[in-house]
Amino acid sequence: MKAEKQYIDIFTLYEDTICRLSAEPLNTPRAKAFADFKHLGFPTRKDEKYKYTDIRSLFEPDYGLNLNRLDIPVNPYEVFKCDVPNMSTALHFIVNDVFYNKVPAASSMHLPQGVIVGSLKETAKENPQIVKPFYAKLANTANDAITAINTMFAQDGLFIYVPDNTIIEKPIQIINILRSDVNFMANRRILIIMGENARAQLLLCDHAMDNVNFLATQVSEIYVGRGATLHLYELEETHTSSVRLANCHVWQEENSNVLLNGITLHNGTTRNTTQVTLNGPHAELGFYGMAIADKNQHVDNNTFVDHAASDCTSNELFKYVLDEHATGAFAGLALVRPGAQHTHSQQTNRNLCATREARMWTQPQLEIYADDVKCSHGATVGQLDENALFYMRTRGISEREARLLLMFAFVNEVIDHIRMDALKDRLHLLVEKRFRGELNKCQGCAICK
Amino acid sequence: MQSPNQYKNPSTNKGLESSNDFVRKIAEGKYKYGFTTNIHTDIIKQGLSEATIRLISEKKQEPDWLLEFRLKAYRHWLTMDMPTWAHLNIPNIDYQAISYYAAPQKKKAPSSLEEVDPELIKTFNKLGIPLEEQMSLSGMAVDAVMDSISVKTTYKEHLIEKGIIFCSFNEAVQEHPDLVKKYLGSVVSYRDNFFAALNSAVFSDGSFVYIPKGVRCPMELSTYFRINAQGTGQFERTLIVADDESYVSYLEGCTAPMRDENQLHAAIVEIIVHDYAEVKYSTVQNWYPGDIEGKGGVYNFVTKRGNCLGKSSKLSWTQVETGSAITWKYPSCILTGDDASAEFYSVAVTNNHQQADTGTKMIHLGRNTKSTIISKGISAGHSQNAYRGLVRVAPNAEGARNYSQCDSLLLGSQCGAHTFPYMDIHNETAIVEHEATTSKINEDQIFYCNQRGISTEDAIGLIVNGYAKEVLNKLPMEFAVEAQKLLSISLEGSIG
Amino acid sequence: MLEIKDLHANINGKEILKGINLTIRPGEVHAIMGPNGSGKSTLSAVLVGNPAYKVTHGSITFYGKDLLQLSPEDRSHEGIFLSFQYPVEIPGVSMVNFMRTAVNEHRKYKGQPPLSASEFLKLMREKRAIVELDNKLANRFVNEGFSGGEKKRNEIFQMAMLEPRLSILDETDSGLDIDALRIVAEGVNKLKTPETSTIVITHYQRLLDYIKPDIVHVLYKGQIVRTAGPELALELERKGYDWIKEEVGE
């Protein structure tokens, strides 16, 4: 219990500090989260849900926590050159787990009336009535230790509110910067509320600035109201000493439309747990993911699409390219609850392994309790098509180049689902660089310059 | 102008209605084999302890090494818990309330048909088993296992000429101890899982097959299992060894009487396939599934595994699962030899309150090994039907290839169909593909049949049989007919 | 330009070519005919270096270079082009991207700078016209969803783009209707120069009505059993292959 003990001790000692430097809606669920965490402990590979990533060992080392909310000296505009620049977005930063509120007015575009994009802590202080009914409701601390520990320690994060019938034309870009001089743990929180018929596009990028070990937990709760549309892109570009543990809960009402696209371009150890509940009829979900991993990188995506209402559609596609000693895991469950008739659910997971040492686990699952449905899943692990390679070589394309072309083609299927052209173009370029080995570390990091 | 939601095609509606009607009717379908046999049975007292195991071993006059094997298994079993990972709702089982040995009473082993209890022969005749040699001209050698004891093996002499051993497990222990000792537990260790440990401790009989080098077994070998006595469990064990370049096709059929309480069946099948040998193992499982309310029925917790040990060895599992209240069964293959290949073809039908969690494991260890998985699940009534399968490619299994296809068909809105495949790939040259679909029975197809004058019930029968054809075609002729009949009994309860 | 000497080759240990001798000079058109399974397609596969086939004996030189020592891509760079009988589909790789990569690798081999995007698109437009290839096809993924005729036209389009010195047309006529056959054959003829040579592998005379061969060979059981002028193809069309089989002692 050593891993658990240090967090139990810290929380017991600093609970007052944590609460004092946060806001009441965030403080309310801490006690229950703490009790749940003590009960659960960290999951190990014996837990079915976490069998491909040993969570406990990730929490064992000592990490610094910024519970006192000290100002970590950073000027994101100076040290940071994001790989997705000039997207003409409303740009915001989260440094570790603190919302960076020194954004010059110029970069914060004019948002429609009533829209809030800002610090979760500040909003919770100023408008607790908006935050409280939604905070820590989808993310249940009783059955997940990562959610529990995040709920215990989280003091701030991102809050987005888009009122009914409000459309934000330009994408909002949030950059998560991990910045520390010592090994560091960040506990970030994201709460997004989309009103009825609201529309928004959001890009979240992860970057690590310093050559220390980072552990970042992130719990996102996303409510998408009737007829609302949300496109959420998450792009991870950190370094090999970073750990990302992200739990994301999406709640979709009738006729809503959500696009999730998660791309792991460069990382250390990543575990993304995503749960989407289709709670109203005719809701649509497009759910795409991609990972490119080499060295000893590890990417684990655990997805759960819950068809709780009739006439909903979900399309899920995840692709992995594993090279060197990388390990990848994909577990995807599609659940069709009783009465969720006319469900269309499709899930595909395709993987390329380039070496003997690379290892892939894949576990698609269908659990179906309604009869008038069309559900399918497919999974493959394999290599590039030898016939295609040969055909290209007879046209004078070198074997290396032919392989690269086929690998782009393989992952482009995921990138092509991006509906933000600037990001799509940028990703084509980044992926090409990544495959050519020119993106060994995050380009934006101070240490790579 | 009507909105699309309001518009309903009356003919489709009728099809739906009558198909619901049909589903209701099949839910009331009767179990055909639910008679009990009135014969004297030697049952030992209920309960499980080392003393029980010593008693079983003593009754069977077993050698010490086998008793030791049982006791080791029992002690290990005591340290284990019932597995809970399956998508099953298993009531608590009181292992002390089961009798672990029930043998049809007799003075000595029968050597000819006349000496077998006539009631027993009647039972097997009712089952349609060609026990009598005149009747088994269809070319099938039968070993019949009643409760836990092998009562009769037909055609034995004919097989002996070829050097083939096909006898009860007990007989094999007495007459071929070296073979049994060499292979027993070599594929399914007593430590393997809870039910395997239990079986290893208390197994009472079963079948033993040995095909010598270069011999093609000229006929289908077959075992019929029947649980008869009340309050007993059946724990048989099958061991099949195919030596180099040999071939055998083995069939297994199962039935049980209708009883209100649940009966436990925890069997082990071990198969060893040597160089260039081939084994086909077919099962038609029709244990009593319980009544329409889900009362009674057999708990079928079976460990079946083959090791394709030799180069280019081949193992094929085919199963048609229509019975049992609960099925927990994963006939598996370890592909050890280079160029070995394995197949798993399965049709699992669940109705009423039946639960099935079944599938396979393909463990690729050798180079250029190939496996194919075709699974067809059909759920009706309030049943739950799950496919669970693992494909693992070890680091040295170069050129491994797997193709899996799992389809589920749902009849009615109260049932569930689930697919849980696991893939663990540790070799970059592997090509592993999995596909699964779940759908309801196609109403257009039913309507098309209706239009051609075929009733909805018949249409569903036709469609289901067509859907399962790929698997049924893998069964030997004699069995395919029975399997089709069984599908009819399970799903076309109202017909005939 | 091309010299094949006593070539033996097998696939999966089964010997298909059993001593092929063939010389082709610049500007010549050779037809290779023969019944099914005689080794025609194997010969084309070996010429472009398909790794599934093993050369066990013999040599192939192309403009003095030992072809067997070259990778498939370098054979292409040297100017050998195969129009495949069954062109493979490559989902996700666009024709434009595919061809630009190929053309620029050819240029790199010759020490030329890569073409700019606009130069390349201009070249595509010019060459597309030769085989009347629809612009829409050029924007699709390589061969994906193409009809049989479209695939063959796409092969000739690529030939036009890469300007080979030796083109091998492997059963290019199979599966083509008469109009498609004419377009493809005219495309091949337009691309012909006095320096470039062609090997036409075919079963029937009809393609040879459009692409006139100088020399006709009959391949049978892995060997060239007869070589003559264009009249041989007509004779085969009239009499079938049986008399050849009889003559070689069947």
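Residues numbered from 1 in each chain as written. Chains lettered and ligands numbered in written order. Predicted model: local features only at pLDDT ≥ 70, side-chain atom pairs only at ≥ 80, totals over all residues. Heavy atoms only, no water.

Would you mind going over the sheet that holds strand β3 (residues 29-33) of chain C with me for this structure?
Sheets are built from strands paired through backbone hydrogen bonds, the pairs being either parallel or antiparallel. Residues and elements named next belong to chain C. Sheet architecture is open: six strands sit in the order β6-β9-β10-β3-β11-β12, paired in mixed fashion. In this open sheet, the two strands that pair with only one neighbour each are β6 (80-83) and β12 (223-228). Across the sheet, the mean angle separating the axes of adjacent strands is 20 degrees when strand polarity is ignored. Note that β3 and strand β11 (residues 215-220) share four bridges and pair parallel. (Pairing = 2+ DSSP bridges. Helix = DSSP H or I, 4+ residues; strand = E, 2+ residues; numbered from the N terminus. Axes fitted to C-alpha atoms, helices over the stretch in contact; angles between N-to-C directions.)

What is the right way to read the packing of helix α3 (residues 64-78) of chain B against helix α8 (residues 194-202) of chain B from this model?
Helix packing for two helices is described by the angle between their axes and how far apart those axes are. All names here are of chain B. One can describe the packing of α3 onto α8 by two numbers: an axis separation of 7 Å at closest approach and a directional angle of 145 degrees. Crossing geometry of α3 relative to α8 is assigned as left-handed. Facing Phe69, Arg70, Ala73, Tyr74 and Trp77 of α3, the residues of α8 in contact are Phe194, Ala197, Leu198, Ser200, Ala201 and Val202. Along the lines of polarity and charge, the residues of the contact of α3 with α8 split into nine nonpolar, one polar and one charged. (Left-handed = near helix turned anticlockwise from the far one by under 90°. Contact = heavy atoms within 4.5 Å. Nonpolar A, V, L, I, M, F, W, Y, C, P; charged D, E, K, R; others polar.)

For this particular structure, what's the right way to read the interface of chain C and chain A?
Size of an interface, as often reported, equals the accessible area lost when the parts are brought together. Residue-level contacts link 30 residues of chain C with 17 residues of chain A. For the pair chain C and chain A, the summed buried surface comes to about 1,800 Å²; carbon and sulfur atoms form 67% of the total. The largest share of the area that chain C buries against chain A comes from C:Glu73, C:Phe84 and C:Val88, three residues that together contribute 27% of it. Counting the contacts that link chain C with chain A gives two salt bridges. Its salt-bridge partner being A:Arg393, residue C:Glu73 comes within 2.5 Å of it at the nearest N-O pair. Of all the elements in the fold, those that place two or more residues in the side of chain C that touches chain A are α2 (72-78), β6, β7 (90-94), α3 (95-109) and α6 (148-162) of chain C. Looking at which element gives the most residues to the side of chain C that touches chain A, the answer is α3(C), with six residues. (Buried area = accessible area lost by both parts, 1.4 Å probe. Salt bridge = Lys/Arg side-chain N within 4 Å of Asp/Glu carboxyl O.)

What's the story with the nonpolar core in this structure? I'm lost.
Core analysis: the biggest nonpolar cluster contains 121 residues, and C:Leu2 and C:Met99 have the highest contact counts within it. Ranked by residues supplied to this core, first place goes to helix α10 (residues 399-415) of chain A with 11 residues. With residues near it in sequence (within four places) discarded, C:Leu2 still touches C:Leu22, C:Thr23, C:Ile24, C:Leu47, C:Ile60, C:Thr61, C:Phe62, C:Leu67, C:Leu166 and C:Ile199. One finds A:Ala293, A:Tyr320, A:Ala340 and B:Leu410 within the second-largest nonpolar core, a separate group that totals 99 residues. (Core = buried A, V, L, I, M, F, W, Y, C linked by side-chain atoms within 4.5 Å. Buried < 20%, exposed > 50% of the residue type's maximum accessible area, 1.4 Å probe, protein only.)

It is not clear to me how the packing of aromatic side chains should be interpreted in this structure. Could you clarify?
Each pair of aromatic rings is reported with the distance of its centres and the angle of its planes. Residues and elements named next belong to chain B. Applying the stated criterion across every chain yields a total of 35 aromatic pairs over all chains. With a centroid separation of 5.4 Å and an interplanar angle of 40 degrees, the aromatic rings of Trp77 and Phe194 are classed as tilted. Here Phe194 lies in helix α8 and Trp77 lies in helix α3, a separation of 117 residues in the sequence. Classification of Trp77 by relative accessible area gives buried; the value is 8%. The ring of Tyr467 is capped by Lys376, whose NZ or CZ atom sits 5.0 Å from the centre of that ring. (Phe/Tyr/Trp six-rings, centres within 6.5 Å; stacked < 30°, edge-to-face > 60°. Lys NZ or Arg CZ within 6 Å of the ring centre and 35° of its normal.)

Got a minute to help me understand the packing of α3(C) against helix α4 (residues 117-130) of chain C in this structure?
Residue and element names in this part refer to chain C. The contact between α3 and α4 brings their axes to 11 Å, and the two run at 105 degrees. As summarised for this structure, α3 and α4 are arranged roughly perpendicular, according to the angle between their axes. On α4, the residues touching Val96, Met99, Arg100 and Val103 of α3 are Phe120, Leu121 and Met124. (Parallel < 35°, antiparallel > 145°, perpendicular 65-115°, else oblique.)

I'm lost on the environment of C:Leu121 in this one. Help?
Residues and elements named next belong to chain C. Summarising the element assignment, Leu121 is placed in helix α4. The partly exposed category is assigned to Leu121, whose relative accessible area is 41%. For the pair formed by Leu121 and Phe81, sequence separation is 40 residues and the distance between their alpha carbons is 22 Å.

Before we go on, may I ask you to explain the interface of chain B and chain A in this structure?
Facing 33 residues of chain B, the contacting portion of chain A comprises 35 residues. For the pair chain B and chain A, the number of links is three salt bridges. Between A:Arg356 and B:Glu428 there is a salt bridge; the shortest N-O distance is 2.8 Å. For the side of chain B that touches chain A, the elements supplying multiple residues, two or more each, are β23 (416-425) and β24 (431-440) of chain B. Each residue belonging to the side of chain B that touches chain A can be placed in one class, and the counts come to 13 nonpolar, 14 polar and six charged.

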